[in-house]
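In case you want the letters, here they are:
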Amino acid sequence: MNTEKKIIAIQGSRASFHEIATEQYFGRESVATLYCNTFQEVCTALQRGRADYAVMAIENLASGSLLTNYALLLRHDFFVVGEHTLPIAQHLMALPGQTLADINVVRSHPVAILQCSEFLAGQQHMHPVDDFDTAGCAEHISRHQQKGIAAIAGSAAAAAFGLEIIAADIQNLKNNHTRFLVLSRSETKVDDANKAIIQLTVDDQPGALVRVLQVFGQAGINLSRIQHVPYQREDGKSAIVIEMDWQHPYDFEGLVETLRVEESEIKILGSYAK
């Protein structure tokens, strides 16, 4: 029996939301995590074969789409082979024994700070500072025994680094969640695929996009997201990423053929079981 673990590249450190999403998707015992400081480093690790897969956040309920990550997806010849949605509860944590009044600086990833903006607005004595990772901030506070500084991160980070949660569930939206994409260098054929992500390019003419979108409705395809991506192609055309799902496989197969007949440029970024 092959017990070799899959190497998964993520942005962030131990006990981060990316690592939790990775372990939930693949299974904790079957993966070894490759920690990267940036999403570009994640893509480089996957491209150079240092990782078998990458897990990358693509959308958060509170802060919206991560357009830079959509752009990275288009720049690399990766395939989306799956996705995972993780509930996100943000907590304020510090060294044990401290209270809210003791905290002067709050460090976290800028997206996490944005997700907790309402709480921070009510704590005017706290100065928020952007950093590269939620759990990484918690680890830094623990390692250097920094008093007066708190991190915004998940409960797993507090447990991993011995910090105390001094304010729980401080995110603006209590049903906050993040969706992550699972990326691979090679395409995986899935018999029961019911979701796809495609890159679509249409002519820059009045009504061109509308005519193409009508094809989706006629094919019985549900469009879950239409995202313009600030990614400049060599030909100067802009890119549109469309996410869709369907009930019958032949709906999607027929759609692809119709779009190609319509002379729209289409690239399938991945199809998988939702």
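All figures in this text were calculated on a predicted structure; none of them were measured in a lab.

Caption draft 1: Representation of the sheet that holds strand β10 (residues 164-167) in the model. Read from one edge to the other, the open sheet built from 5 strands follows the order β8-β7-β9-β6-β10, with strand pairing classed as mixed. Every other strand in the sheet has two partners, leaving β8 (127-130) and β10 as the edge strands with one partner each. The sheet shows a mean angle of 35° between the axes of neighbouring strands, taken without regard to direction. Bridge count between strand β7 (residues 105-108) and β8: 4 bridges; the pairing is parallel. Following the sheet pairing, R107 is matched in β8 by V129. On the sheet, helix α6 (residues 134-144) packs against β6 (91-94), β7 and β9 (149-153) and is oriented at approximately 150° with respect to β9.

Caption draft 2: How the structure looks around the nonpolar core. Counting residues in hydrophobic clusters, the biggest one holds 41 residues, and the most contacted among them are A9, V55, V80, F180, L181, L183 and I197. Sequence-distant contacts of V80, that is, excluding residues within four places in its chain, are made with L73, L181, V182, L183, I197, L269, G270, S271 and Y272. Listed in part, the 19 residues of the second largest apolar core include L200, V215, W246 and V256.

Caption draft 3: Structural detail: the packing of aromatic side chains. Scanning all chains against the criterion turns up 3 aromatic pairs. A ring pair is formed by W246 and F252, whose centres lie 4.4 Å apart and whose planes are at 5°; its orientation type is stacked. As far as burial versus exposure is concerned, W246 and F252 are alike and both buried.

Caption draft 4: View of unusual backbone geometry. In this structure, A15 takes a positive phi of about 70° despite not being glycine. Mapped onto the fold, A15 is located in the loop between β1 (6-11) and α1 (17-26). One non-glycine residue with positive phi stands out, namely Q145, at about 50°. Looking at the element boundaries, Q145 is found in the loop between α6 and β9.

Caption draft 5: View of the sheet that holds strand β15 (residues 265-272). Read from one edge of the open sheet, 4 strands run β13-β14-β12-β15, paired in antiparallel fashion. Every interior strand has two partners, whereas the edge strands, β13 (222-229) and β15, have only one. Strand-to-strand twist of the sheet, defined as the mean angle between neighbouring strand axes without regard to direction, takes the value 20°. By the bridge criterion, 7 bridges tie strand β12 (residues 195-201) to β15 in an arrangement that is antiparallel. Bridge pairing in β15 places K195 opposite Y272. Strands in contact with helix α3 (residues 67-75) are β12, β13, β14 (239-245) and β15; relative to β13, the strand with the most contacts, it is inclined by about 90°. The strands touched by helix α8 (residues 208-218) within the sheet are β12, β13 and β14, with β14 carrying the most contacts at an inclination of about 15°.

Caption draft 6: Structural detail: the pairing of strand β2 (residues 31-36). Bridge count between β1 and β2: 6 bridges; the pairing is parallel. Among the inter-strand pairings, Q11 is bridged to a residue of β2, identified as C36. What joins β1 to β2 is α1, and the crossover it makes is right-handed.

Here is what the cut-offs are and how they apply
- Residues numbered from 1 in each chain as written.
- Predicted model: local features only at pLDDT ≥ 70, side-chain atom pairs only at ≥ 80, totals over all residues.
- Heavy atoms only, no water.
- Pairing = 2+ DSSP bridges.
- Helix = DSSP H or I, 4+ residues; strand = E, 2+ residues; numbered from the N terminus.
- Axes fitted to C-alpha atoms, helices over the stretch in contact; angles between N-to-C directions.
- Contact = heavy atoms within 4.5 Å.
- Core = buried A, V, L, I, M, F, W, Y, C linked by side-chain atoms within 4.5 Å.
- Buried < 20%, exposed > 50% of the residue type's maximum accessible area, 1.4 Å probe, protein only.
- Phe/Tyr/Trp six-rings, centres within 6.5 Å; stacked < 30°, edge-to-face > 60°.
- Right-handed = clockwise from strand over helix to strand, strands pointing away.

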